[in-house]
Amino acid sequence: MAFAGIAPSILSADFSRLGAQVAEVMAAGAKVIHVDVMDGHFVPPITMGPMVVDALSSEVHAADGVIDVHLMIERPERHVADFAKAGADSITIHAEATPHLHYTLGAIRDAGCLAGLAICPGTPVEAVGGVAAELDLALCMTVNPGWGGQPFIAGSPARIERLRAHLQGPAELGAEPDSQPAGSTVVEVDGGVDARTVRLCAAAGATLFVAGSAVFGASDPATAYLELAGAAGVRAAV
Ligand code: DX5
Ligand code: ZN
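Quick notes on the rules
- Residues numbered from 1 in each chain as written.
- Chains lettered and ligands numbered in written order.
- Predicted model: local features only at pLDDT ≥ 70, side-chain atom pairs only at ≥ 80, totals over all residues.
- Heavy atoms only, no water.
- Axes fitted to C-alpha atoms, helices over the stretch in contact; angles between N-to-C directions.
- Helix = DSSP H or I, 4+ residues; strand = E, 2+ residues; numbered from the N terminus.
- Parallel < 35°, antiparallel > 145°, perpendicular 65-115°, else oblique.
- Left-handed = near helix turned anticlockwise from the far one by under 90°.
- Contact = heavy atoms within 4.5 Å.
- Nonpolar A, V, L, I, M, F, W, Y, C, P; charged D, E, K, R; others polar.
- Donors = N, O, S within 2.8 Å, 3.2 Å for Na, K, Ca; no water.
- Tetrahedral: all angles 85-135°; square planar, octahedral: opposite > 155°, others 65-115°.
- Buried < 20%, exposed > 50% of the residue type's maximum accessible area, 1.4 Å probe, protein only.
- Salt bridge = Lys/Arg side-chain N within 4 Å of Asp/Glu carboxyl O.
- Near = heavy atom within 4 Å.
- Polar contact = N/O pair within 3.5 Å; in protein donor to acceptor, adjacent residues only side chain to side chain.
- Areas by Shrake-Rupley, 256 points an atom, 1.4 Å probe, with all protein chains shown as cover.
- 1 Å grid on protein atoms, 1.4 Å probe; cavity = no way out; pocket = protein on both sides within 12 Å on 5 of 7 lines; lining within 4 Å.
- Sits in = over half its atoms within 2 Å of the grid points.

1. What to know about the packing of helix H1 (residues 18-27) against helix H2 (residues 50-62)
Phase 1: H2 packs onto H1 with a crossing angle of 40° between their chain directions and a minimal axis gap of 11 Å. Relative to H2, the element H1 lies oblique. Helix-helix and strand crossings are classified by hand; for H1 and H2 the assignment is right-handed. Here H1 contributes Leu18, Gly19, Val22, Ala23 and Met26 to the contact with H2, which in turn contributes Val52, Leu56, Glu59 and Val60.
Phase 2: The residue makeup of the contact of H1 with H2, split by class, is seven nonpolar, one polar and one charged.

2. A short note on the coordination of the zinc ion (ligand 2)
Phase 1: Protein coordination at the zinc ion (ligand 2): the donors are His34 (NE2), Asp36 (OD), His70 (ND1) and Asp190 (OD), at 2.0 to 2.3 Å from the metal.
Phase 2: Each of the six donor atoms bound to the zinc ion (ligand 2) contributes to angles spanning 70 to 170°, and the resulting shape is octahedral.
Phase 3: Between the donor residues of the zinc ion (ligand 2), the gaps in sequence give the motif H-x1-D-x33-H-x119-D. Taken together, the positions of His34 in strand E2 (residues 32-38) and His70 in strand E3 (residues 66-72) put the pair 36 residues apart, joining distant regions of the chain.
Phase 4: Exposure remark for His34: the relative accessible area of 0% places this residue in the buried category.

3. Here's the deal with the pattern of salt bridges
Phase 1: According to the stated counting rule, one finds three salt bridges in the structure shown.
Phase 2: In this structure, the salt-bridge partner of Asp136 is Arg109, at a minimum N-O distance of 3.0 Å. You can see Asp136 sitting in the loop between strand E5 (114-119) and strand E6 (137-141) and its partner Arg109 sitting in helix H4 (residues 101-110), a full 27 residues away along the chain.

4. Description of the site of ligand 1
Phase 1: By nearness alone, 20 residues border ligand 1, and Asp36, Gly146, Asp190, Gly212 and Ser213 come closest of all.
Phase 2: Within the contact set of ligand 1, an oxygen atom lies 2.8 Å away from a side-chain nitrogen or oxygen of Ser9.
Phase 3: Between ligand 1 and His70 there is a distance of 3.2 Å, counted from an oxygen atom to a side-chain nitrogen or oxygen.
Phase 4: For ligand 1, whose free accessible area comes to 380 Å², the fraction covered by protein is 100%.
Phase 5: Among the cavities detected, the one that contains ligand 1 is the second largest pocket.
Phase 6: Counting residues per element, the shell around ligand 1 draws most heavily on E2, at three residues.
Phase 7: Broken down by class, the residue content of the shell around ligand 1 amounts to eight nonpolar, 10 polar and two charged.

5. Side note on unusual backbone geometry
Phase 1: Unlike most non-glycine residues, Asp64 shows phi in positive territory, near 65°.
Phase 2: Positionally, Asp64 belongs in the loop between H2 and E3.

6. Observations concerning the environment of Gly130
Phase 1: Along the polypeptide, Gly130 turns up in the loop between E5 and E6.
Phase 2: On the accessibility criterion, Gly130 (69% relative accessible area) is exposed.
Phase 3: Distance in space between the C-alpha atoms of Gly130 and Ala204 is 22 Å, their sequence separation being 74 residues.

What follows is the structure, encoded as structure tokens:
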């Protein structure tokens, strides 16, 4: 299944050669390209919008990859259609960004994308409870959203475990964290992921690992991707 493994975040890429940077990591085996959208309101920085997704989508899809859009924007329901039209395969919204979570997650699925919900480090994992049935992905922020290159928050693995428990149906409670059942919600982590912390996240039950500076901040992003994939237990491309 495509939504697993290391998801390089283009936030840390060289934007003057964005297509080439994406091609480098995909040639090394990356299948999930993470796009961080920031609006200057939900988080202070302003980054990119649907135009960047549109510019990358042909290249990513031609290489059998997917585009994982992380919306760090207020009232994301106003922008779902534009990102879906641009080629997003998944759209993740923040639990703190709109009072209309159920509606927005439904709109994302109706637009043909996987629906994700992200929670900031200060948000109780119980926030996913009311919409667990509407979720394809649950993103546990392991830094405060807004910037790449921040240190991993130490209490995150315990939150990942609790998040998984809130997503699981009664029959799955007590299952081993590394045995995510087919069709269940993907648990994604984002922030401060490197060769050490990716192991902690995997042990806690995450299966999709966003990495920005650990990939594109390295002198050779393809090698950095492969090292992270190895640390996470992801099979390298053959
Ligand atoms: C932060 C973003 C992340 C960011 C992670 O708000 O959501 O996706 O790119 O960057 P690193 O991996 O450098 O912490
Ligand atoms: Zn992100």
